[in-house]
Amino acid sequence: MIRFEKASVTYPGGVKALQDLDLTIEDGEFVVVVGLSGAGKSTLIRAVNGLVPLSSGTLEVNGHRVDGAGRRDLRALRSEVGMIFQSFNLVKRTSVLNNVLMGRLHATSTWRSVLGLYTAADKERAFQALERVEIVEKAYVRASNLSGGQQQRVSIARALAQEPKVVLADEPVASLDPPTANVVMRDLQRINRELGITTIVNLHFLDLARRYGDRIIGMREGRMVFDGTGEQADEQVFEDIYGRSLTAEDVLDAGPTQVQLDAAAAADAESQA
Ligand SMILES: Nc1ncnc2c1ncn2[C@@H]1O[C@H](COP(=O)(O)OP(=O)(O)OP(=O)(O)O)[C@@H](O)[C@H]1O
Ligand SMILES: [Mg+2]
């Protein structure tokens with residue numbers, strides 16, 4: 001369980017990125033966080049594994065008290081939390097398998113990891129993780145030779161190899177094309193459903209948020225302004241969260257634009273003339 005109580009984050013310089021957040025996320029939930037740029041989505045996610053300290057309030061994650069935690073406590077917490085980033089954060093010059101094995105580092109002694117001496121059990125876990133995101137045939141390929149979508153699936157496998165209780169994904173599909181974005185979101189959803197891993201995903205595409213978010217949290221200027229299901233989050237709700245009308249930029253797969261429709265109609269008329 002993840003529980004924020006009256007949690008606030010004020011950055012040096014005075015920006016209030018989280019304000020009085022009261023939020024409980026139960027084990028196994030799939031939560032999507034939406035909001036304009038600067039609303040506090042990344043701050044919320046990063047607070048969960050202690051990357052951003054609370055200025056006030058409390059935060060508990062899987063029984064770990066995160067606010068005020070020392071280095072040892074944070075290390076224990078982070079071993080249970082897998083992170084996925086927009087930019088994948090793979091080591092590009094090494095193999096997919098080595099990247100996934102890095103998910104085992106927290107459970108590996110320093111000298112073993114320095115020498116690359118992973119156990120057979122670690123390798124088994126790494127292969128299982130690659131199978132789960134259907135990319136096991138790329139195990140020995142250099143990470144730099146993969147497409148963006150494949151790299152993101154490797155980074156999901158790396159998080160899975162860690163055997164996390166929680167997965168945090170900060171804009172995991174922001175640099176992918178629409179079909180690939182859906183593949184990656186489906187992988188995250190499958191992992192959540194099959195393994196029961198609590199998952200929090202920041203998204204700025206509202207169609208994806210509705211499609212995949214069992215629960216949607218809306219953030220605005222550091223405050224939670226919506227907490228409901230994907231079905232409840234209709235256009236009006238999103239306009240309230242954003243404080244403006246929606247535009248084509250707010251959806252990933254808007255379908256053809258008016259300009260494209262006009263061009264198609266013109267071409268059609270011409271071919272009939
Ligand atoms: N390290 C920092 N130091 C100072 N201010 C920060 C820091 N990180 C974020 N902020 C500010 O805190 C606010 C919330 O930032 P945050 O990154 O959480 O927003 P976000 O919702 O993730 O935005 P985006 O969609 O652009 O990623 C913003 O005003 C941002 O400029
Ligand atoms: Mg962000």
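Cut-offs used in this document
Residues numbered from 1 in each chain as written. Chains lettered and ligands numbered in written order. Predicted model: local features only at pLDDT ≥ 70, side-chain atom pairs only at ≥ 80, totals over all residues. Helix = DSSP H or I, 4+ residues; strand = E, 2+ residues; numbered from the N terminus. Contact = placed C-beta atoms within 7 Å. Buried ≥ 20, exposed ≤ 12 C-beta atoms within 10 Å, placed from the backbone. Near = placed C-beta within 6 Å. Nonpolar A, V, L, I, M, F, W, Y, C, P; charged D, E, K, R; others polar. Pairing = 2+ DSSP bridges. Domains from an automatic or database assignment. Axes fitted to C-alpha atoms, helices over the stretch in contact; angles between N-to-C directions. Core = buried A, V, L, I, M, F, W, Y, C linked by C-beta atoms within 7 Å. Parallel < 35°, antiparallel > 145°, perpendicular 65-115°, else oblique. Left-handed = near helix turned anticlockwise from the far one by under 90°.

### Regarding the overall build of the protein chain
At step 1: Looking only at helices and strands, the protein chain features 10 helices and 10 strands.
At step 2: Along the longest, intermediate and shortest principal axes, the C-alpha atoms of the protein chain span 75 × 45 × 35 Å.
At step 3: Residue pairs at least 24 apart in sequence account for 68% of intrachain contacts in the protein chain once pairs closer than 6 positions are excluded.

### Thoughts on unusual backbone geometry
At step 1: Phi at Asn89 is positive, roughly 55°, even though this residue is not glycine.
At step 2: Looking at the element boundaries, Asn89 is found in the loop between strand E6 (81-85) and helix H3 (96-101).
At step 3: Take Asn89: there are 14 C-beta atoms within 10 Å of it, and that puts it in the partly exposed class.
At step 4: Residue Glu163 is not a glycine yet carries a positive backbone phi of 50°.
At step 5: With respect to the helices and strands, Glu163 occurs in the loop between helix H6 (148-161) and strand E7 (166-170).

### Details of the site of ligand 1
At step 1: Close to ligand 1 lie 13 residues; Tyr11, Ser37, Lys41, Ser42 and Thr43 are nearest.
At step 2: Take the shell around ligand 1: its biggest share by element is 3 residues, from helix H1 (residues 41-48).
At step 3: Taken together, the residues of the shell around ligand 1 break down into 4 nonpolar, 8 polar and 1 charged.

### Some remarks on the sheet that holds strand E1 (residues 2-10)
At step 1: Judged by pairing direction, the sheet is antiparallel, and its 4 strands sit side by side in the order E2-E1-E4-E5 without closing on themselves. Edge positions in the sheet fall to strand E2 (16-25) and strand E5 (64-65), since each of these pairs with one other strand and no more.
At step 2: Taken together, the 6 bridges between E1 and E2 define a ladder with antiparallel strand orientation. Directly across from Ile2, in E2, lies its bridge partner Ile25.

### With respect to the domain arrangement of the protein chain
At step 1: Partitioning the protein chain into structural domains gives domain 1 (1-80 + 167-176 + 192-273) and domain 2 (89-163).
At step 2: In this structure, domain 1 and domain 2 have C-alpha centres spaced 26 Å apart.
At step 3: With 5 residues of domain 1 at the contact, the number on the domain 2 side is 5 residues.
At step 4: Among the residues making up the side of domain 1 that touches domain 2, the classes are represented as 3 nonpolar, 2 polar and no charged.

### Considerations on H1
At step 1: Burial of H1 is extensive: 6 of the 8 residues sit out of reach of the surface.
At step 2: Among the residues of H1, those classed as buried are Lys41, Thr43, Leu44, Ile45, Ala47 and Val48.
At step 3: Positive backbone phi, at 75°, marks Gly50, one or two positions downstream of H1.

### Regarding the sheet that holds strand E8 (residues 198-202)
At step 1: Pairing in this open sheet of 6 strands is mixed, and the strands run E6-E7-E8-E3-E9-E10 from one edge to the other. The sheet is open, and its two borders are formed by E6 and strand E10 (223-229), each paired with just one other strand. The sheet shows a mean angle of 15° between the axes of neighbouring strands, direction not considered.
At step 2: The pairing of strand E3 (residues 30-34) with strand E9 (residues 215-220) spans 4 bridges and is classified as parallel. The residue bridging Val33 from the neighbouring strand is Ile217, located in E9.

### Things to note about the nonpolar core
At step 1: One finds Val32, Val48, Val100, Ala157, Leu168, Leu208 and Ala209 to be the most contacted residues of the largest nonpolar core, which totals 75 residues.
At step 2: Per-element tally for this core: the top contributor is H6, with 6 residues.
At step 3: Shared between two domains, this core holds at least three residues of each, these being domain 1 (1-80 + 167-176 + 192-273) and domain 2 (89-163).
At step 4: In contact with Leu168, other than residues within four places in its own chain, are Ile45, Val48, Asn49, Val81, Met83 and Ile200.

### Quick look at the packing of helix H5 (residues 120-132) against H6
At step 1: Where H5 meets H6, the closest approach of the two axes is 8 Å, and the angle between their N-to-C directions is 135°. It follows that H5 is oblique to H6 by the angle criterion. In this structure, H5 crosses over H6, and the sense of that crossing is right-handed. Contacts from Arg125, Ala126, Ala129, Leu130 and Arg132 in H5 reach Ala157, Leu160 and Ala161 in H6.
At step 2: Residues of the contact of H5 with H6, tallied by class, amount to 6 nonpolar, no polar and 2 charged.

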